[in-house]
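# Breakdown of the fold
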Amino acid sequence: MGRRSSSSLVDWNSPANGVNGEPFVSSLPDEYTVNWSEELEQLHEQSSQWHFIDVWTRRAMLERLGSLPAAPTVLDVGCSNGYLLADLRTRLPDATLVGVDLVASGLRKAHVNVPDALLLQADVCALPLPDQCVDVAVSANLLEHLPDDRRALGEIFRILRPGARAVIVVPVDPSCYDCYDRLLGHERRYARRELARKARAAGFVVLQDARLGAALYPAFWAVKQRNRKRYGLLRGDALERRVMQEIEGTADSMLGRLACRVDAALLNRGISLPFGIRGLTVLQRPGERA
């Protein structure tokens, strides 16, 4: 399909590739931390592919990639099981897709979902990629797991070509941080304009800083406040059971899909409400595309 060679991105023939039959290049630093696990990967996967808020999140991100060159290089930072990579492949059949994650089980599933994507086991705070090699970067629900999200934003800025975009989604509203966030290893839920402020400090221009899930927010807020009061002290198996019940109780629904369509209509008309479940921030590295 005329895709760009990956040789300028990573050494795909590295001895690390193929060890124990793994379908990814491992490029881990000597010391690193991961605020995620294979158990959480499995827990989260049960709802993330078809749930209305995740489907809407991925669609909203794809609609904001901007104009791209022929056969672009697209990086998914925190690609997990590859659902966003799969949507990117459908949208951009000639792109070179690169997925980065720390958790091996997610990368294995990403390989099944998008066999031709280049997959890297690496730390977003130390990306094993050269400067200015990516045409667009996306990241969904990753930065909240990082103690040093500013360093990650700096790395994303570094690998983007001049004029290229980054489309980033994070959970928002610190007042909604509850047992669910704690189990999933969230360092934070982002305050209004927090991510935009940190991105500007990294050198980005902020093109859009919006909220997703505004129509769902009142019910979401009520559940989060209940959880904070009732389940704030839960730990261990009791915490996991509670979160599992919450995931099962928010299964895909017609009402949820309708709320997401309302969300989309508002954003398409340039209406951004100051509240929501997730933040959608579109960034650009200054400069002109080559």
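Everything below is about the structure printed above this text.
Residues numbered from 1 in each chain as written. Predicted model: local features only at pLDDT ≥ 70, side-chain atom pairs only at ≥ 80, totals over all residues. Heavy atoms only, no water.

### Re the overall build of the chain
Condition: We count a stretch as a helix when DSSP gives it H or I for four or more residues in a row; a strand needs E for two or more, and each element gets its number in order from the N terminus. Only protein chains enter the accessibility calculation, which uses a 1.4 Å probe; a residue is then buried when its area is under 20% of its type maximum, exposed when over 50%, and partly exposed in between. Residues are treated as being in contact if the distance between any of their heavy atoms lies within 4.5 Å. All accessibility values rest on the Shrake-Rupley procedure with a 1.4 Å probe; residue burial counts only the protein chains present in the view.
Counting its regular elements, the chain contains ten helices and eight strands. Put simply, the chain has 290 residues, and 52% of those count as buried. Restricting the contact set of the chain to residue pairs at least 6 apart, pairs at least 24 apart contribute 78%. Total accessible area computed for the chain in this model is approximately 13,300 Å², and 53% of it derives from carbon and sulfur atoms.

### Describing the packing of helix H2 (residues 52–62) against helix H3 (residues 83–91)
Heads up, the rule is: Angular values range over 0 to 180 degrees, each being the angle between N-to-C directions of two axes fitted as lines to C-alpha atoms, with helices fitted over their stretch in contact. Angles below 35 degrees are treated as roughly parallel, those above 145 as roughly antiparallel, those between 65 and 115 as roughly perpendicular, and all remaining angles as oblique. By convention, the crossing between two helices is left-handed when the near helix turns anticlockwise from the far helix through less than a right angle, and right-handed when the turn is clockwise. Throughout this entry, Asp, Glu, Lys and Arg are counted as charged residues, while Ala, Val, Leu, Ile, Met, Phe, Trp, Tyr, Cys and Pro are counted as nonpolar. The remaining residues, Gly among them, count as polar.
The contact between H2 and H3 brings their axes to 10 Å, and the two run at 45°. Put simply, H2 runs oblique to H3. Classified by chirality, the crossing of H3 by H2 is right-handed. Two secondary-structure elements touch here, H2 through Arg 58, Met 61 and Leu 62 and H3 through Tyr 83, Leu 84, Asp 87, Leu 88 and Arg 91. Grouping the amino acids of the contact of H2 with H3 by side-chain chemistry returns five nonpolar, no polar and three charged.

### A closer look at the sheet that holds strand E6 (residues 160–171)
As a general point, the strands of a sheet are linked pairwise by backbone hydrogen bonds and lie either parallel or antiparallel. Here is the rule we go by: One requirement defines pairing of two strands: DSSP has to find at least two bridges between them.
A sheet is described by the order of its strands in space; here eight strands give the open sequence E1-E4-E3-E2-E5-E6-E8-E7, paired in mixed fashion. The open sheet has two edge strands, strand E1 (25–26) and strand E7 (205–212), and neither has a second partner. Looking at chain direction, E1 and strand E4 (residues 118–121) are connected through two bridges and run parallel. Paired with Val 25 across the strands is Leu 120, a residue of E4. Together, strand E3 (96–101) and E4 form the strand contacts of helix H4 (residues 104–113), whose direction differs from that of E4 by roughly 175°. Running over the sheet, helix H5 (residues 149–159) touches strand E2 (73–77), strand E5 (134–140), E6 and strand E8 (278–284) and is turned about 150° from E6.

### Digging into the nonpolar core
Here is the rule: Grouping buried Ala, Val, Leu, Ile, Met, Phe, Trp, Tyr and Cys residues that are joined through side-chain atoms within 4.5 Å yields what is termed a nonpolar core.
Among the nonpolar cores identified, the biggest contains 39 residues, and Trp 56, Leu 65, Leu 85, Leu 88, Leu 97 and Leu 119 are the most heavily contacted of them. In terms of residue count, H2 provides more of this core than any other element does, six residues in total. For Leu 88, the contacting residues outside a window of four places in its chain are Leu 62, Leu 65, Val 74, Leu 97 and Val 138. Within the second largest apolar cluster, 36 residues are counted, among which are Leu 118, Ala 122, Val 134 and Leu 283.

### Focus: the side chain of Arg 242
What counts here: Under the rule applied, a polar contact is a pair of N or O atoms within 3.5 Å (in protein, one hydrogen donor and one hydrogen acceptor; residues adjacent in sequence only if both atoms are side-chain atoms).
Considering the arrangement of structural elements, one finds Arg 242 in helix H9 (residues 236–249). Since its relative accessible area comes to 14%, Arg 242 is described here as buried. Side chain to side chain, Arg 242 and Tyr 231 meet in a polar contact 3.4 Å long. The residues touching Arg 242, leaving out its near neighbours within four places in the chain, are Cys 179, Arg 226, Asn 227, Tyr 231 and Leu 234.

### Looking at a nonpolar patch on the surface
The condition that has to hold: Like charges are joined within 9 Å and nonpolar side chains (Val, Leu, Ile, Met, Phe, Trp, Tyr) within 5 Å, but only among residues with over 30% relative accessible area and no salt bridge; these make up the patches. The term salt bridge refers to a pairing of a side-chain nitrogen on Lys or Arg with a carboxyl oxygen on Asp or Glu at a separation within 4 Å.
Taken together, Leu 255, Leu 258 and Val 262 make up a surface patch of nonpolar side chains, about 290 Å² in accessible area. Mapped onto the elements, Leu 258 comes out in helix H10 (residues 254–268). A relative accessible area of 43% means that Leu 258 is categorised as partly exposed.

### Here's the deal with the environment of Pro 69
Relative to the helices and strands, Pro 69 is located in the loop between H2 and E2. We classify Pro 69 as partly exposed; its relative accessible area is 31%. For Pro 69 and Arg 289, which are 220 residues apart along the polypeptide, the C-alpha to C-alpha distance reads 8.9 Å.

### What about the pairing of E6?
As a reminder, the rule being used: Orienting the strands away from the viewer, one traces the path from the first strand over the helix to the second; a clockwise path indicates a right-handed crossover.
Burial of E6 is extensive: nine of the twelve residues sit out of reach of the surface. Pairing of E5 with E6 involves six bridges; the strand directions are parallel. Its bridge partner being in E6, Ala 140 is matched across the sheet by Val 169. Read from E5 through H5 to E6, the crossover connection turns out right-handed. Relative to E8, E6 runs antiparallel, the two sharing seven bridges. Counterpart to Ile 168 in the pairing with E8 is Thr 281.

### Quick notes on the pairing of E4
Two faces make up the sheet, and in a regular strand the side chains alternate between them. Covered by surrounding structure in E4 are Leu 118 and Leu 120 together with Leu 119 and Gln 121, the residues of both alternating faces. Pairing of E3 with E4, which is carried by four bridges, proceeds in the parallel orientation. Each bridged residue has a counterpart across the sheet, and for Asp 101 the counterpart in E4 is Gln 121. Assessed by its sense of winding, the connection that carries the chain from E3 through H4 to E4 is right-handed.

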